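The residues making up each chain are set out below.
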Amino acid sequence: MSANGPSLLRTVAVKTISTRPFEDQRPGTSGLRKKVSEFQVPHYLENFVQSIFNSLEGFRDATLVLGGDGRFHNREAIQSILKIGAANGVGRVLLGRGGILSTPAVSCLIRKYSAFGGIILSASHNPGGPEGDFGVKFNVSNGGPAPESVTEAIYAQSRNIRSYRIFDAADVDIDQLGCMHLDRMAIEVINPVADYAGLMEKLFDFDAISELFASGSFRMRYDAMHAVTGPYAHEILERRLGAPAETVVNGEPLLDFGGKSPDPNLVYAHDLVAAMSGREAPDFGAASDGDGDRNMILGRRFFVTPSDSLAVLAANARFVSGYSEGLSGVARSMPTSRAVDRVAAHLHIPHYETPTGWKYFGNLLDAGKITLCGEESFGTGSDHVREKDGLWAVLFWLNILSARRSSVEQLTRAHWREYGRHYYSRHDYEGLDKEVAERVIADLQESIAALKGQRIGTHEVTLSDDFSYLDPVDRSLTEHQGLRIVCSDEARIVYRLSGTGTEGATLRIYLERYERDPSRQDLDCQAALADLAAAARQIARIEEKTGRRRPSLIT
Ligand code: VG1
Ligand code: CO
């Protein structure tokens, strides 16, 4: 036992390790995401983490939050980051026990404990395991994803790095709660759920939701997809809200998510979809993704699109105690359907349209311009943290259902009757050759402006451009954020390339059509969008350029 107490690890030495830059460490839509095998290349992770520190100032002796979604390589990466952090002078690390923290929980902790930032280890909804993906995200002191100015600075550092600093020390025990030291850096291993669950209790009416579960006439199924939200959902839904023990399924985080994509949509969450389709289906179904920031909402035999979910939450926020004082404004990513814009107009509050990726909501949230925001890609959130938040969205729905005592389907259909229905779908062409996909976009960039004034079937094109965004808070300009074709009757086609994939390129085509007439709000979604989908393929000459006749994934 050393003179400094039992928790002091043995004396350790800083090493400076020579390295060479990797050219491919530019963060994408949501952090640096690569195959596990690429992160296992010696120095790859270390270079990137040192580049984060090199791009920052003023973190010495300050607090860093650290955790991940528990996927393969999570534990190894945590050990390296602890040792690099200590060697760079970090004062304290708040570490989720077992290396586990959901993305929204990291955001909550950064804000609550005034940390200078957080490192999240996750490739979100991408598959895990030795053959799967891994990722590193850096969040800044407001709790949100680093803005582009920061990710670009990290990238610039990664291209010039010549060495990194790391403690030569034995591995740290990350599975016992409590505090220890790595040289002068304190490591507090914390319960990953407690602070987050406490925040949820402040926002929602837990008594009302508990009564709903206790009534016996309401059943729910929550599929954690063997990803990070299992422990959160067991604690919040079952222990604090009293839902029966079988409510949360696949609740144990696994290194490879049980071999499946932890992506909560109709395709990858098919077990849940099947369970919600049967005669004895529960009343409410939900799932979330690898790192817990996405959500899917289902009623009995009924799917709520993420775009509609955002609109329904905004329209019903007055029923939820944490939001009953009203919303300052709302925002959605550009490709997300405009359903929430209608609610904003009705509420006489502003609405904003941002590029894809949560980082663009940060300034609007910090400035108090918006309270709720969301994306079509199963992400919904509010000003309670600075990330999208899967379980938060589920609790928001539960709170509304308990206050209104109507079903998910009744609520959504009533919403459509009042505001009109936005038929919406995203068609993905995955695993394309990168050059081919870039050519599709480049050609559209050339040709799209000429579409204005033309007709697509019955739709007349009123706007066609390459979307750019001027941030109203810091006046930064972000360009080339998707090509959009907007029609007079509010039909819309959007094209963009994914920035989260790790193999080839994925072309996303987003389709939207508006239907005001309640007697025509009951069509099959894909059927309702079929002519727009055909037009979208034709305009971009998808088959000719890619050889693909149909999308590989429809959500
Ligand atoms: C996708 C989604 C985007 C989301 C991002 C991160 O990005 O489209 O809306 O913000 O994933 O989500 P892209 O560039 O592949 O379209 V997550 O849950 O990976 O943090
Ligand atoms: Co995610």
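Residues numbered from 1 in each chain as written. Chains lettered and ligands numbered in written order. Predicted model: local features only at pLDDT ≥ 70, side-chain atom pairs only at ≥ 80, totals over all residues. Heavy atoms only, no water.

**Structural notes on the pairing of strand E4 (residues 92–100)**
A large share of E4 lies buried, amounting to seven of its nine residues. Inspection of the sheet shows strand E3 (residues 63–68) paired to E4 by five bridges, in the parallel sense. Counted as the bridge partner of Val65 is Leu94 from E4. Traced from E3 through helix H3 (residues 74–87) to E4, the parallel crossover comes out right-handed. Where E4 lies against strand E9 (residues 185–190), five bridges are found, and the strand directions are parallel. The partner of Leu95 across the bridge, within E9, is Val189. (Buried < 20%, exposed > 50% of the residue type's maximum accessible area, 1.4 Å probe, protein only. Helix = DSSP H or I, 4+ residues; strand = E, 2+ residues; numbered from the N terminus. Pairing = 2+ DSSP bridges. Right-handed = clockwise from strand over helix to strand, strands pointing away.)

**Considering the coordination of the cobalt ion (ligand 2)**
For the cobalt ion (ligand 2), the full set of protein donor atoms is Ser124 (OG), Asp289 (OD), Asp291 (OD) and Asp293 (OD), and the range of their distances to it is 2.0 to 2.1 Å. Expressed as a motif, the donor residue spacing for the cobalt ion (ligand 2) is S-x164-D-x1-D-x1-D. In terms of burial, Asp291 and Asp293 fall into one category: buried. (Donors = N, O, S within 2.8 Å, 3.2 Å for Na, K, Ca; no water.)

**Describing the confidence of the model for the protein chain**
With 98% of its residues at a pLDDT of 70 or more, the protein chain has an overall mean of 95. In the predicted structure, residues 1–8 sits below a pLDDT of 50 and forms seven contacts with residues beyond four places in sequence or in another chain. (pLDDT = per-residue confidence, 0-100. Contact = heavy atoms within 4.5 Å.)

**Structural notes on the packing of aromatic side chains**
Scanning all chains against the criterion turns up 17 aromatic pairs. Judged by centre distance (5.3 Å) and plane angle (85°), the ring pair of Phe39 and Tyr44 falls under edge-to-face. Tyr44 matches Phe39 in its accessibility class, with the two residues each being buried. Cluster of aromatic residues (ring-pair linked, three or more members): Phe22, Phe39, Tyr44 and Phe134. In this arrangement the basic side chain of Arg342 is found over the ring face of Tyr514, its NZ or CZ atom lying 3.6 Å from the centre. Between Arg421 and the ring centre of Trp416, over which it is positioned, the NZ or CZ distance is 4.1 Å. (Phe/Tyr/Trp six-rings, centres within 6.5 Å; stacked < 30°, edge-to-face > 60°. Lys NZ or Arg CZ within 6 Å of the ring centre and 35° of its normal.)

**Brief notes about the nonpolar core**
Membership of the largest hydrophobic core comes to 72 residues, with the highest contact counts inside it found for Phe204 and Trp392. Per-element tally for this core: the top contributor is helix H13 (residues 390–404), with 10 residues. In terms of domain composition, this core takes at least three residues from each of domain 1 (13–192) and domain 2 (196–419). When residues no more than four places from it in sequence are discounted, the contact partners of Trp392 are Tyr196, Met200, Leu203, Phe204, Leu313, Tyr323, Leu372, Thr380, Gly381, Ser382 and His384. (Core = buried A, V, L, I, M, F, W, Y, C linked by side-chain atoms within 4.5 Å. Domains from an automatic or database assignment.)

**Details of the domain arrangement of the protein chain**
Domain boundaries in the protein chain define domain 1 (13–192), domain 2 (196–419) and domain 3 (421–554). Distance between the C-alpha centres of domain 1 and domain 2: 28 Å. The interface is formed by 34 residues belonging to domain 1 together with 31 residues belonging to domain 2. On the domain 1 side of the contact with domain 2, Pro104, His125 and Pro145 bury the most area, a combined 22% of that side's loss. For the interface between domain 1 and domain 2, the tally reads two salt bridges. (Buried area = accessible area lost by both parts, 1.4 Å probe. Salt bridge = Lys/Arg side-chain N within 4 Å of Asp/Glu carboxyl O.)

**Things to note about the site of ligand 1**
Near ligand 1, the surroundings consist of 20 residues, among which Thr29, Ser124, Ser377, Thr500 and Arg508 are the closest. A distance of 2.5 Å is found between an oxygen atom of ligand 1 and a side-chain nitrogen or oxygen belonging to Ser124. Between Lys388 and ligand 1, the recorded distance is 2.9 Å, taken from a side-chain N or O atom to an oxygen atom. For the shell around ligand 1, the per-class residue count stands at no nonpolar, 10 polar and 10 charged. (Near = heavy atom within 4 Å. Polar contact = N/O pair within 3.5 Å; in protein donor to acceptor, adjacent residues only side chain to side chain. Nonpolar A, V, L, I, M, F, W, Y, C, P; charged D, E, K, R; others polar.)

**Description of helix H10 (residues 306–316)**
Here H10 lies mainly inside the structure; 11 of its 11 residues are buried. Looking at H10, one finds that the buried residues are Pro306, Ser307, Asp308, Ser309, Leu310, Ala311, Val312, Leu313, Ala314, Ala315 and Asn316.

**Notes on the sheet that holds strand E6 (residues 133–139)**
Read across the open sheet, the seven strands follow the order E2-E6-E5-E3-E4-E9-E8; overall the sheet is mixed. Since the sheet does not close on itself, it has two edges, and those belong to strand E2 (32–35) and strand E8 (178–182), each with one partner. Mean inter-strand twist for the sheet, computed between neighbouring axes without regard to direction, equals 20°. Bridge analysis of E8 against E9 gives five bridges, and the strand direction is antiparallel. Each residue of the ladder has a partner; that of Met180, found in E9, is Ile187. In the packing of helix H2 (residues 44–55) onto the sheet, the strands contacted are E2, E3, strand E5 (117–121) and E6, and the crossing angle to E6 comes to about 10°. (Axes fitted to C-alpha atoms, helices over the stretch in contact; angles between N-to-C directions.)

**Looking at the pattern of salt bridges**
Opposite charge on two side chains permits pairing when their charged atoms draw close. Taken as a whole and judged by the stated rule, the model has 43 salt bridges. Arg508 is paired through a salt bridge with Asp428; the nearest N and O atoms lie 2.9 Å apart. Pair noted here: Arg508 is in strand E26 (residues 505–515) and Asp428 is in strand E19 (residues 421–432), with a separation of 80 residues, a long-range link. Each member of the pair, Arg508 together with Asp428, is buried. Beyond isolated ion pairs, a larger network of salt bridges with shared partners links Arg332, Arg338, Asp341, Glu353, Asp465, Arg484, Arg492 and Glu512.

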